[in-house]
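# Structural description and commentary
The chain contents come next:
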Amino acid sequence: MRGERRGPRVVVTGIGCVTPIGTGVDGLWEGLRAERSSVRSLTRFDPTPFRSRVAAEVDAFDPLDHMDAKRARRLDRFGQFSVAAARLALRDAGLERRAPPADRVAVVMGSALGGIAFAEAQHLRYLEGGIRAVEPALALLVFTGAASCHVAIEFGFTGPNETNGMSCAAGAIAIGRALRLLRAGEADVALAGGVEAPLSPLCYGAFALLRAMSTRNDDPASASRPFDRDRDGFVMGEGAAVLVLETMEHATRRDAHVYAELAGFGCTNDAYHLAAPRPDAEASARAMALALRDAGMTPDEVEYVNAHGSSTPLNDPTETLAIKRALGERAHRVPVSGTKGYYGHPLGASGAIEAGICALALERGWVPPTLNLRDPDPQCDLDYCSGHGRELRVLTALSNSFGFGGVNACLAFRSAETR
């Protein structure tokens, strides 16, 4: 049954990203079109103690491209990514120098681990030199909420501000929360997205201890292989993405470029296990159904799905089942991409990066492939876009983000052409 839109329409007018495959909207798109993985042997620190030794790192990032030197020195990598992605998004939206009234701009972010890597580095300094060796601002930099606060301070935005820590679904949930704030009239514009900078020995090693990450150390580029029979775990990544969201009225008034409409959001919890998804996929399928209902869309209207596709043995078949439960027979006729083969799994940033990918796919008529899908798992029997991307004009899309703790989030998008 078709649902009803709640409140004003909300559109995506800016995309800012810092990812292993490219920075900025053009860098992201060029990286996708290149159809190459950025995963390689980990270089940030010596990974030899661990079973897993591959990652997707952001190599070309220079904070001075996005902020002055004084500001860059005061922020850790997590904070630098946050501010950089927000600035790129504002610039892309044409709002960097002519933003709306500060109290009408919301900042909503998500991150699984916040400033954990910086905290780890400071702990080593403490062990070596005592408390006087520790960065005085440590407590102010490591809390997860620093992501949205850094952005608000950098640009002077005084509207609603929040950062959630809901694991790998955090970025998608932030975008969904921003949608609701705009519909409720609490803001005219929102910067929403996710950020993660988790590549430090203790953090990386903790996931290695869980045996959750790929050990394909001799072939890093093929380590992340969503829906493939030979997948053996996710590949940790880093990065950030921020979307500029506006009410349609506000965007139209300033003649803004619109990438896509953000039409719906659904969020549920498995209430099952901290690491394993619920086997029957009931809650993850319901998140998709809720997003569709929120968007006023039916399953038969869905034309593309960007899957969470973490490349883990349990998640991929469970997500396949969720898509089938949510879309019914339609599931077998819809192209599905798992794009983490490109940039690994940047945890709380992944849902925001993939939301940006969905908006670009709708605008530019090209659906990215699922890299490294060479021998499909029989349990993963949908059209997962193996091989190469497709020139395909789609008008609607869903983006799934599932996380530790059983968190499930889904965003629904419409093409700007449907306005």
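Residues numbered from 1 in each chain as written. Predicted model: local features only at pLDDT ≥ 70, side-chain atom pairs only at ≥ 80, totals over all residues. Heavy atoms only, no water.

### Re the side chain of His 308
Looking at the secondary structure, you find His 308 in the loop between β10 (305–306) and α11 (315–327). On the accessibility criterion, His 308 (2% relative accessible area) is buried. If near-sequence neighbours (up to four positions away) are discounted, His 308 is found in contact with Cys 168, Asn 315, Glu 319, Lys 340, His 345, Ser 350, Asn 400, Ser 401 and Phe 402. (Helix = DSSP H or I, 4+ residues; strand = E, 2+ residues; numbered from the N terminus. Buried < 20%, exposed > 50% of the residue type's maximum accessible area, 1.4 Å probe, protein only. Contact = heavy atoms within 4.5 Å.)

### Section: the nonpolar core
In terms of nonpolar packing, the biggest core is built from 53 residues, with Ile 15, Leu 32, Ile 175, Leu 245, Leu 411 and Phe 413 touching the most fellow members. Considering each element in turn, this core owes the most residues, 9 residues, to helix α13 (residues 350–364). Excluding anything up to four places from it in sequence, Ile 175 contacts Ala 192, Gly 193, Leu 243, Leu 245, Leu 262, Ala 352, Ala 355 and Leu 411. (Core = buried A, V, L, I, M, F, W, Y, C linked by side-chain atoms within 4.5 Å.)

### Examining the packing of helix α7 (residues 170–183) against α13
Their axes nearest at 5 Å, the elements α7 and α13 cross at an angle of 65°. For the pair formed by α7 and α13, the contact residues are Gly 171, Ala 172 and Ile 175 on the first element and Gly 351, Ala 352 and Ala 355 on the second. Of the residues that constitute the contact of α7 with α13, the class distribution is 4 nonpolar, 2 polar and no charged. (Axes fitted to C-alpha atoms, helices over the stretch in contact; angles between N-to-C directions. Nonpolar A, V, L, I, M, F, W, Y, C, P; charged D, E, K, R; others polar.)

### Here's the deal with the state of the cysteines
Counted according to the given criterion, the structure contains 0 disulfides. Not part of a disulfide, Cys 267 finds its nearest cysteine sulfur in Cys 410, a span of 10 Å. Here Cys 410 stays free of any disulfide, with the sulfur of Cys 358 as its closest cysteine sulfur at 8.9 Å. The exposure class assigned to Cys 410 is buried, which follows from its relative accessible area of 0%. (Disulfide = S-S within 2.5 Å.)

### A word on the pairing of strand β15 (residues 407–415)
Of all the 9 residues making up β15, 9 are buried; the element is thus mostly covered by neighbouring parts of the structure. With burial as the criterion, each face of β15 is covered, one bearing Val 407, Ala 409, Leu 411, Phe 413 and Ser 415 and the other bearing Asn 408, Cys 410, Ala 412 and Arg 414. With 9 bridges connecting them, strand β9 (residues 260–269) and β15 associate as antiparallel partners. Paired with Glu 261 across the strands is Arg 414, a residue of β15. Here strand β14 (residues 396–403) pairs with β15 via 8 bridges, running antiparallel. Its bridge partner lying in β15, Phe 402 is registered against Asn 408. Connecting the antiparallel pair β14 and β15 is a turn made up of 3 residues, with Gly 405 showing a positive phi of about 85°. (Pairing = 2+ DSSP bridges.)

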